[in-house]
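Residue-level structure breakdown
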Amino acid sequence: MFPIASSEFVQIFRNRAVLISTLMPLAVSAFFIYRRDIFAQLGSDGYVAAILVITIGAFSLYATAVTTLAARRQDLFLKRLRSTTAGDAAILSGLTLPVSVLATVQAVVVLAVFAAVTDGPADGVLLIVAILVTFLMMIALALATAGLTGSPEQAQVTTLPVSLLTIGVASWVGIAGTDELTVLKRLLPGGSAAELIVNSWNGGVPLAESLPLLGPALAWVVVAVVLALKLFRWEPRR
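Cut-off values and rules
- Residues numbered from 1 in each chain as written.
- Predicted model: local features only at pLDDT ≥ 70, side-chain atom pairs only at ≥ 80, totals over all residues.
- Heavy atoms only, no water.
- Core = buried A, V, L, I, M, F, W, Y, C linked by side-chain atoms within 4.5 Å.
- Buried < 20%, exposed > 50% of the residue type's maximum accessible area, 1.4 Å probe, protein only.
- Helix = DSSP H or I, 4+ residues; strand = E, 2+ residues; numbered from the N terminus.
- Contact = heavy atoms within 4.5 Å.
- Axes fitted to C-alpha atoms, helices over the stretch in contact; angles between N-to-C directions.
- Parallel < 35°, antiparallel > 145°, perpendicular 65-115°, else oblique.
- Left-handed = near helix turned anticlockwise from the far one by under 90°.
- Nonpolar A, V, L, I, M, F, W, Y, C, P; charged D, E, K, R; others polar.
- Patch = residues over 30% accessible without salt bridge, like charges linked within 9 Å, V, L, I, M, F, W, Y side chains within 5 Å.
- Areas by Shrake-Rupley, 256 points an atom, 1.4 Å probe, with all protein chains shown as cover.
- Salt bridge = Lys/Arg side-chain N within 4 Å of Asp/Glu carboxyl O.
- Expected span 1.5 Å × (residues − 1).
- Phe/Tyr/Trp six-rings, centres within 6.5 Å; stacked < 30°, edge-to-face > 60°.
- Lys NZ or Arg CZ within 6 Å of the ring centre and 35° of its normal.
- Bend = angle between axes of the 7 residues up to and from the residue.
- Polar contact = N/O pair within 3.5 Å; in protein donor to acceptor, adjacent residues only side chain to side chain.

**Comments concerning the nonpolar core**
- By size, the foremost hydrophobic cluster in this structure holds 51 residues, and its most contacted members are Leu52, Leu111 and Phe135.
- Only α2 (16-34), α4 (45-74), α6 (88-116), α7 (124-146), α9 (160-176), α11 (191-202) and α13 (214-231) provide two or more residues apiece to this core.
- No other element matches α4, which puts 15 residues into this core.
- Setting aside chain neighbours within four positions, we find Leu111 in contact with Ala49, Leu52, Val53, Leu127, Ile131 and Trp201.
- In this structure, Leu95, Leu143, Ala228 and Phe232 belong to the second largest nonpolar core, which totals 13 residues.

**What to know about the packing of α9 against α11**
- Between α9 and α11, whose axes approach to 8 Å, the crossing angle comes to 45°. For the element pair α9 / α11, the angle class is oblique. Of the two possible hands of crossing, α9 and α11 adopt the one that is right-handed. In this structure, α9 contributes Val169, Ala170, Val173 and Gly174 to the contact, and α11 contributes Gly191, Ala194, Glu195 and Val198.
- Taken together, the residues that form the contact of α9 with α11 break down as five nonpolar, two polar and one charged.

**So, a nonpolar patch on the surface**
- The grouping of Val101, Val105, Val109 and Val113 at the surface amounts to a nonpolar patch, some 300 Å² of accessible area in total.
- Among the structural elements, Val101 can be located in helix α6.

**Brief notes about the pattern of salt bridges**
- A complete count under the given rule lists four salt bridges for this structure.
- Of the charged contacts, one joins Lys79 and Glu235 as a salt bridge, the two residues approaching to 3.9 Å between their closest N and O atoms. Of the two residues, Lys79 sits in helix α5 (residues 77-82) while Glu235 sits in the segment after α13, which places them 156 residues apart along the sequence.

**A short note on α13**
- Under the 1.5 Å per step criterion, the end-to-end length of α13 is 26 Å for 18 residues, consistent within 8% with the ideal 26 Å.
- Where α13 is buried, its residues touch α7, α10 (182-187), α11 and α12 (207-210).

**Comments concerning the packing of aromatic side chains**
- Under the definition given, this model contains three aromatic pairs.
- Ring centres of Phe31 and Phe32 lie 6.2 Å apart, and the angle between their planes is 85°; this geometry places the pair in the edge-to-face category.
- Using a relative accessible area of 44% as the deciding quantity, one classes Phe31 as partly exposed.
- Aromatic pair Phe114 and Trp201: ring centres 5.1 Å apart, planes at 35°, arrangement tilted. You can see Phe114 sitting in helix α6 and its partner Trp201 sitting in helix α11, a full 87 residues away along the chain. Each member of the pair, Phe114 as well as Trp201, is classed as buried.
- In this arrangement the basic side chain of Arg73 is found over the ring face of Phe232, its NZ or CZ atom lying 5.3 Å from the centre.

**As for α4**
- The first and last C-alpha atoms of α4 sit 42 Å apart over 30 residues, in line with the 44 Å expected at 1.5 Å per residue.
- A bend of about 25° at Gly57 is the largest found in α4.
- Within α4, 29 of the 30 residues are buried, which leaves the element mostly enclosed by the surrounding structure.
- Two or three places before Gly46, at the start of α4, stands the capping residue Ser44, its side-chain oxygen 3.3 Å from that residue's backbone nitrogen.

So far we have only geometry, and geometry alone does not tell us how the molecule works.
Right, here's the structure in full:
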């Protein structure tokens, strides 16, 4: 797994499309932090933190992973890797590990900057758990979406629905809260994850009430993995 990950890490900086999808969320994050006063008035500092994390997860992690897998399938790299002793899980882990690490580093840096201009998160441990669950959900969705993506160019289209949906749901939850349409908001992808991040940053919600929010996010991981097992292809479609 690690030799594959090392090689893939180098390739990230050679692929312009992948590099853009990795760096673009940093510009968006900078804008949200710069105009934090306006966005915090719409929801709260927790809402801004949720948007920062979900945006990084949607683009730096999800979209980049789909683009990477589609590119490796198109150039037959996936097929060649499968002829080695590496197992399927090791191959996919190796290919997605670099983007996962980059997205995590981005989230840490961006949230550290945001914490410096605010009071910081009320519950750092819950925030870490929320980020890990969010990113796990996004990487699982990436594996499923990659099965429907024939080329890196198509990834720009196939990743839009999930990316925009998760960001939209996070904004809905962050601004409107979950007092109304609670079940719907929490069951949509990104809904429970965004609420977890909001709670961890703002505080005021008992831990016992926040932990059940892990359920819907983890359920999406299971759904995405099942879809990936059915849809993922190792060779280009003929």
